[in-house]
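# Examination of the molecular architecture
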Amino acid sequence: MDLTYGAEYEKFRNEVRTFIESHRSQAPDGAGMRAEKNRAWQKMLIERGYTARTIPREYGGHGGEMDILKSRIIAEEFAQAQVPGGLGGQGISMLVPTLLEMGTEEQKRQFIPPTLRGEMIWCQGYSEPNAGSDLASLRTNAVLDGDDWVVNGQKIWTSTAQYADWIFCLVRTEPNAPKHQGISFLLFSMKTPGIEVRPLKTMTGDATFNEVFFTNVRVPKGQIVGRRGEGWLVANSILRHERSSLGDPNIMLTRLNALTELMKTETVDGSRLIDNPVYRERLMKIQGEVTAMRLNDLRLLSAKLNNKSANLTGMVVKLKGTELRHDLESLGIDVLGEIGTLYGDAPYLKDDGQFQYHYMFYLGLIIGGGTSQIQKNIISERGLGMPKEPKMSKEA
């Protein structure tokens, strides 16, 4: 059975493979978000069409046509080589596709190019102390005063806020409207006076999240995406892209390849762990689930190309992606044995503690972005049409 994509696509695969091998030394290796090496790599990938492939040139992208198989080949080759396939983050993964769909022409030209180049880092102002799973209960408010919105309130669990240049933020602009209809979606600089960021250290030891406080923050009234009071529509677009990015099968494939290589080198009593039937079975189970996620991703791409609905297909990505990634990193820790218990600055730490760090980080992502329990409710109620979860009465 011929499992290749045909001569044209295999030629393209060889081009991608040759590029990776020729430029591997220029790929970033975990440098900071603002590192020049990251930006140079991103620029090169955009020029070749290996990232931002279908984003129009006038907005800083490559301007190519959608081709599922070429996109698949690019993802496969970069994952196999364990080389970064371009910059990510909330700006590129979530805001850019939303602006392409719902932003004004001015917003697209102002925000998308510098975001793609890695020159504009974004954070997401969604969750609040009393508005997490029930996000529409948010209380951060914005009042129009002349040509500005005046924002007051608090956000929490805001990733990268301490590094971000700009924030996309949900605020309540219509206090008397039903909760889903009184929200607007604003964009504003994190250097605006009145913003205070307080980092929150997680179990990884890093300040992955932050609290953000707004006191009379003035935002030009034109920096609103969509119409006033209709921010919930924009928010749902962002959430779709967020949940897809949290279960990215291409990143998962890269981590699977790293795990497989680790099992080829780690030994117990002189035998490689990949030859141990118990460990090999665990690896094969994860490999099968990663393959299923990649095929599910193809289904999503196919539906998009053919203008067909794939709601249920998309709903499973965040749930399965975060739980599978946690299982994958867990196996890596077990493979490392006693070294797998080390962390931080331990002298015998292997691979900078990547398996340990991601194990804890993805435990957090099973909760963040909509908990697994919330995701299961969404799948059952909205995807499968099952009865809604019963609510407790106020008297109870």
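Below: a short report on this structure. Nothing here was measured: the structure is a model prediction, and the numbers come from that model. (Residues numbered from 1 in each chain as written. Predicted model: local features only at pLDDT ≥ 70, side-chain atom pairs only at ≥ 80, totals over all residues. Heavy atoms only, no water.)

## Some remarks on the nonpolar core
Our working definition: What we call a nonpolar core is a set of buried Ala, Val, Leu, Ile, Met, Phe, Trp, Tyr and Cys residues that are connected through their side-chain atoms within 4.5 Å. For every residue, the accessible area (1.4 Å probe, protein chains only) is compared with the maximum for its type, and the residue is labelled buried under 20%, exposed over 50%, or partly exposed between those bounds. A run of DSSP states H or I qualifies as a helix once it reaches four residues; a run of E qualifies as a strand once it reaches two. Both are numbered from the N-terminal end. Whether two residues touch is decided by their heavy atoms; if any such pair falls within 4.5 Å, the residues are in contact.
Residues Tyr126, Phe168, Phe185 and Leu187 are the most contacted members of the largest nonpolar core, which totals 31 residues. Elements supplying a minimum of two residues to this core: helix H4 (90-102), helix H5 (105-116), strand S4 (166-172), strand S5 (183-189) and helix H6 (231-245). Once residues lying within four places of it in the same chain are set aside, the contact partners of Tyr126 are Leu135, Lys155, Phe168, Leu170, Phe185, Val234, Ala235, Ile238 and Leu239. Residues Leu259, Leu283, Val290 and Met293 belong to the second largest nonpolar core, which totals 21 residues.

## Quick word on the packing of helix H1 (residues 7-23) against helix H3 (residues 68-81)
Inclusion rule: Here an angle of 0 to 180 degrees is reported between the N-to-C directions of two axes, which are lines fitted to C-alpha atoms, with helices fitted over the stretch in contact. With the far helix as reference, a near helix turned anticlockwise by less than a right angle produces a left-handed crossing, and one turned clockwise produces a right-handed crossing. Residues are grouped as follows: nonpolar covers Ala, Val, Leu, Ile, Met, Phe, Trp, Tyr, Cys and Pro; charged covers Asp, Glu, Lys and Arg; every other residue, Gly included, is treated as polar.
Relative to each other, H1 and H3 sit at 35°, their axes nearing to 10 Å. For the element pair H1 and H3, the recorded crossing hand is right-handed. Residues Glu8, Tyr9, Phe12, Arg13, Val16, Arg17, Phe19 and Ile20 of H1 lie in contact with H3, whose contacting residues are Leu69, Lys70, Ile73, Ile74, Glu76, Glu77, Phe78 and Ala81. Classifying every residue of the contact of H1 with H3 by side-chain character gives 10 nonpolar, no polar and 6 charged.

## Things to note about the side chain of Gln107
Within the fold, Gln107 resides in helix H5. Take Gln107: its relative accessible area is 5%, and that puts it in the buried class. Residues in contact with Gln107, not counting those within four places in the same chain, are Leu99, Ile112, Gly222, Ile224 and Val225.

## Comments concerning the packing of aromatic side chains
For clarity, the cut-off: Here a Phe, Tyr or Trp ring, Trp counted by its six-membered ring, pairs with any other such ring whose centre lies within 6.5 Å, and the pair is stacked when the planes are under 30 degrees apart, edge-to-face when over 60, and tilted otherwise.
One pass over the full model with this rule turns up 14 aromatic pairs. Considering the side-chain rings of Trp122 and Phe168, the 6.2 Å spacing of their centres and the 45° angle between planes classify their relative orientation as tilted. Placement of the pair is Trp122 in strand S1 (residues 122-125) and Phe168 in strand S4, with a sequence separation of 46 residues. For the pair formed by Trp122 and Phe168, the shared burial category is buried. Relative to Phe185, the ring of Phe168 has its centre 5.9 Å away and its plane inclined at 15°; by these criteria the two rings are stacked. Highlighted residues: Phe168 in strand S4 and Phe185 in strand S5, separated in sequence by 17 residues.

Just geometry here; none of it tells us what the structure is for.
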